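# Structural overview for review
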Amino acid sequence: MTRIGYCRVSTTDQHPEAQRLRLEAAGCSRIFSETISTRSADRPELVACLDYLREGDALVAVRLDRLARSTRELLEIAESLQARGIDLVVLDQAIDTSTPAGKLMFAVLAAIAEFERDLIRERTLDGLARAAAEGRHGGRRPAITGPRATLARRLHGE
């Protein structure tokens, strides 16, 4: 059985080295890595990783949230891997889908991970609404204001 790792960080401020070291320690012979938000449907390294896996291999990730955007997507990946005879191992949650207990833990933790992500999104939206109610708006301050902005708008319109 060959262990193939996948690591992902969401922003360029984050670094995948810690995940990579853990995947190497878990015996991964090859590691696919990318810096991309899970909100992006286009994750080329994940696609390449999934294409690379063969029957009898194991896909190893540090955490469930590194693999998918939602419980549905996570379950689809797991089902696809199972149909191809590939195990899923998640280090932080001690999941190994080659066992019945690992399959159960996977399903439970996938639901919890999506719930946590929804809570974070809800809190963020609440914070943005509160800031807007207080007259604060996110984003960069305008580079030009007043008469210069009016002139720029007029010239742009012409």
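Each chain carries its own residue numbering, running from 1 in the direction its sequence is written. For this predicted model, a pLDDT threshold of at least 70 governs which residues receive local features, and a threshold of 80 or more governs which side-chain atom pairs are given and counted, while totals over whole chains, interfaces and linings are taken from all residues. The side-chain quantities take in all heavy atoms of the structure and omit both hydrogens and water.

## Looking at the sheet that holds strand 5 (residues 95-96)
Being paired, for any two strands, means DSSP has found at least two bridges between them. Helix numbers and strand numbers start at the N terminus; a helix is a DSSP run of H or I with at least 4 residues, a strand a run of E with at least 2. With respect to topology, five strands assemble into an open sheet ordered 2-1-3-4-5, the strand pairing being mixed. The open sheet has two free edges, formed respectively by strand 2 (30-35) and strand 5, since each of these has just one partner strand. As paired elements, strand 3 (residues 58-61) and strand 4 (residues 87-90) share four bridges and run parallel to each other. Bridging across to strand 4, valine 60 finds its partner in valine 89. Whether two residues touch is decided by their heavy atoms; if any such pair falls within 4.5 Å, the residues are in contact. Working convention: axes come from line fits to C-alpha atoms, limited for helices to the stretch in contact. Angles between N-to-C directions cover 0 to 180 degrees. Running over the sheet, helix 2 (residues 44-52) touches strand 1 (3-9), strand 2 and strand 3 and is turned about 160° from strand 2.

## Regarding the nonpolar core
Leu59, Leu67, Leu81 and Leu88 are the most contacted members of the largest nonpolar core, which totals 23 residues. Only strand 1, helix 2, strand 3, helix 3 (71-83), strand 4 and helix 4 (100-133) provide two or more residues apiece to this core. In terms of residue count, the dominant contributor to this core is helix 3 (four residues). Setting aside anything within four residues of it in sequence, one finds leucine 59 in contact with Ile4, Tyr6, Cys49, Leu50, Leu53, Leu67, Leu81, Ile86, Asp87, Leu88 and Val89. What makes a nonpolar core is a set of buried Ala, Val, Leu, Ile, Met, Phe, Trp, Tyr and Cys residues whose side-chain atoms join them at distances within 4.5 Å. Here's how the labels work: a residue is buried when its accessible area is under 20% of the maximum for its type, exposed when over 50%, partly exposed in between, all with a 1.4 Å probe on protein chains only. One finds Cys7, Cys28, Val60 and Val62 within the second-largest nonpolar core, a separate group that totals nine residues.

## A look at the packing of aromatic side chains
Two aromatic rings from Phe, Tyr or Trp, using only the six-membered ring of Trp, form a pair when their centres are within 6.5 Å; if the ring planes differ by under 30 degrees the pair is stacked, by over 60 it is edge-to-face, and anything between is tilted. Taken as a whole and assessed by the stated rule, the structure comprises one aromatic pair. By the criterion adopted, a ring carries a charge over it if an Arg CZ or a Lys NZ lies within 6 Å of its centre and within 35 degrees of its normal. Here the guanidinium or amino end of arginine 30 rests over the ring plane of tyrosine 52, the centre of that ring lying 4.6 Å away.

## Structural notes on the layout of surface pockets
Over the atoms rolls a probe the size of a water molecule, and its path tells where empty space is left. Cavities and pockets were defined on a 1 Å grid built over protein atoms only: a cavity is a set of grid points that admits a 1.4 Å probe from which the probe cannot escape, a pocket is an open set flanked by protein on both sides within 12 Å along at least five of seven lines, and lining residues are those with an atom within 4 Å of any such point. Grid points are joined across faces, edges and corners, and a volume is the space filled by probe spheres set on the points. Here the largest pocket is characterised by a volume of approximately 580 Å³. Residue lining of the largest pocket: 26 residues in total, with Asp65, Arg66, Ala113, Arg117 and Ile120 positioned closest to the centre. Looking at the lining of the largest pocket, the elements with two or more residues in it are helix 3 and helix 4. Per-element tally for the lining of the largest pocket: the top contributor is helix 4, with 11 residues. For the second largest pocket, the full set of lining residues is Leu75, Ala78, Glu79, Leu81, Gln82, Gly85, Ile86, Asp87, Leu88, Thr97, Lys103 and Phe106. Taken together, the elements giving at least two residues each to the lining of the second largest pocket come down to helix 3, strand 4 and helix 4. Sorting elements by how many residues they give to the lining of the second largest pocket places helix 3 first, with five residues. Amino acid classes used here: Ala, Val, Leu, Ile, Met, Phe, Trp, Tyr, Cys and Pro are nonpolar; Asp, Glu, Lys and Arg are charged; the rest, including Gly, are polar. Grouping the amino acids of the lining of the second largest pocket by side-chain chemistry returns six nonpolar, three polar and three charged.

## Here's the deal with helix 2
Turning to helix 2, its buried residues number three or more, namely Leu46, Cys49 and Leu50. Taken end-on, helix 2 shows its buried residues confined to a sector of 95°, consistent with a single buried face. For helix 2, the elements touching its buried residues are strand 1, strand 2, strand 3 and helix 3. An arc is given here, and it is the one of the directions from the helix axis to the C-beta atoms.

## Focus on the pairing of strand 1
Counting buried residues in strand 1 gives six out of seven residues, a clear majority hidden from the surface. Looking at chain direction, strand 1 and strand 3 are connected through three bridges and run parallel. Bridge pairing in strand 3 links arginine 3 to alanine 58. Note: strand 1 against strand 2, six bridges, orientation parallel. Paired with arginine 8 across the two strands is glutamate 34, which belongs to strand 2. For the segment spanning strand 1, helix 1 (residues 17-25) and strand 2, crossover handedness is right-handed. By convention, orient the strands away from the viewer: a clockwise path from the first strand over the helix to the second makes the crossover right-handed.

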